[in-house]
Amino acid sequence: MAAQKNFRLLCLENPLLDIIADGDQATLDTYKIKANDAILAEPQHLGIYDDFLNNRNAVLSAGGAAQNTARGAQYILPADSVVYLGGVGKDKYGEILGETAAKAGLRVEYRVDEKVPTGRCAVVVTPGNRSMITDLGAANHYDLEHLKSPAIWPLVEAAEAYYIGGYHLTVCPPAIMTLAKESAAKNKTFILSISAPFIPLAFKDALDATLPYLDYVVGNEGEAAAFGNVHGISNIDLADVDGTSTTEDLKKIAQYMADLPKENTQRKRVAIITHGSQPTLVAIQGETEVKEFPVRAIAADSIVDTLGAGDAFAAGFVAGVIEGKSLETSIDQGQWLASLSLTQLGASYPFPKQTY
Ligand code: 26A
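Bear in mind that the values here come from a model prediction, so they are computed numbers and not experimental data. (Residues numbered from 1 in each chain as written. Predicted model: local features only at pLDDT ≥ 70, side-chain atom pairs only at ≥ 80, totals over all residues. Heavy atoms only, no water.)

Trainee: Please provide a residue-by-residue account of the overall build of the protein, values included.
Mentor: Along its length, the protein carries 14 helices and 14 strands. Here the C-alpha atoms of the protein give a radius of gyration of 19 Å, agreeing with the 21 Å that 2.2 N^0.38 yields for 356 residues. Dimensions of the protein, computed from the C-alpha atoms along their principal axes, are close to 55 × 50 × 40 Å. Counting across all 356 residues of the protein, residues that qualify as buried make up 58%. Partitioning the intrachain contacts of the protein with sequence separation of at least 6 by distance along the chain shows that 73% fall at a separation of at least 24. (Helix = DSSP H or I, 4+ residues; strand = E, 2+ residues; numbered from the N terminus. Rg over C-alpha atoms; globule rule 2.2 N^0.38 Å. Buried < 20%, exposed > 50% of the residue type's maximum accessible area, 1.4 Å probe, protein only. Contact = heavy atoms within 4.5 Å.)

Trainee: So, the sheet that holds strand β6 (residues 107-113): which residues are in play, and what are the values?
Mentor: Reading across the sheet, the nine strands line up as β6-β5-β1-β9-β10-β11-β12-β13-β14 and stay open at both edges, with mixed pairing between neighbours. Both outer strands of the open sheet, β6 and β14 (291-293), are each paired with one neighbouring strand and no more. Put simply, the sheet's adjacent strands are angled 20 degrees from each other on average, direction ignored. Relative to β14, strand β13 (residues 278-284) is paired through three bridges, and the arrangement is antiparallel. Residue Thr 280 lies in a different strand from β14, and its bridge partner there is Phe 293. (Pairing = 2+ DSSP bridges. Axes fitted to C-alpha atoms, helices over the stretch in contact; angles between N-to-C directions.)

Trainee: Got a sec to walk through the packing of aromatic side chains? Specific residues and values, please.
Mentor: This model, assessed by the stated rule, comprises nine aromatic pairs. Ring geometry for Phe 198 and Phe 203: centres 6.0 Å apart, planes at 70 degrees, overall edge-to-face. Overall, Phe 198 belongs to the buried group, its relative accessible area being 17%. Judged by its relative accessible area of 25%, Phe 203 falls in the partly exposed class. Aromatic pair Trp 336 and Tyr 356: ring centres 5.6 Å apart, planes at 70 degrees, arrangement edge-to-face. Here the residue Trp 336 occupies a position in helix α14 (residues 327-342), and Tyr 356 occupies one in the segment after α14, the gap between them amounting to 20 residues. Chaining the aromatic ring pairs together yields one cluster made of Tyr 75, Tyr 349 and Phe 351. Here the guanidinium or amino end of Arg 107 rests over the ring plane of Phe 7, the centre of that ring lying 4.9 Å away. When the ring centre of Tyr 75 is taken as origin, the NZ or CZ atom of Lys 353, which lies over that ring, is 5.2 Å away. (Phe/Tyr/Trp six-rings, centres within 6.5 Å; stacked < 30°, edge-to-face > 60°. Lys NZ or Arg CZ within 6 Å of the ring centre and 35° of its normal.)

As structure tokens, this is what we get:
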């Protein structure tokens, strides 16, 4: 039997420690945040971390969107399949992240910053929603030098697919573009998750630069709407995406994404838009019909929190791509892992391991 190749999937983004607490409208008002959003912390938000830790019985849990995806893909794939890159500090939070990855069998190669602490993400959980405020800390200091270092670059060269959390567009576009160009030049698979509405809204140029290189682009309805609006093909009220957009709008955006020009013409681009409990939309470059895939139904009372469900979807999907499964099966594997993650506290997966 041919030896299994190791670390076929390489992921890059921002390792964060999640500080999770239940909240209510008053919590959202105090910090002037929406019930379901992800933002970068501004000075007026910085009190939330100690407030959560000291007064609200907050739970600490490993996070960082693409790190959650990397753990989830490794959950499905054979041992030593996934490696994850990002920046942490030399501190307790960084150690917790390293330990969680080790337990999940995920190889992490962190750029460790001696001076800046590990990034943290306050998560306000309200029924059916989660709002996240991120203080990037050391994650914001990830750099091209680390990616190109003698210890890391061979991993880049050996991997067959790269998965980028779009949140990293706020941190190190040169590292993302290096992977993008490497994937096109070597006919590897390049996957990007849009991550949050603020990425197309506030980091449009950096996101747009990656578009020609994307083989798979993954986003939810809010991210798709933000993308559609800034590209002038939709006019959806971003405060009320489900109220003002229709499946037809989202399909149009998916099709637009899929059909944008592509650098590596050996693979057709696929755009995947998740839509909560409504069907996932899938557009394939050059095809006119946007497909719909129903999600896996799960009882409302078995949902612990929605944190990381999108990351889990991406994980199941990407694992399917790596395994060479069909598009349909890969999407279903994503829905499956998302449904499992909904039953867990934080962005995590059930143990003992379940199999698809
Ligand atoms: C740059 N920002 C804002 C972020 C994040 C982030 N991961 C990377 N960069 N803001 C929130 N998250 C992570 O999203 C996960 C849920 O999808 C949280 O850490 C959480 O685990």
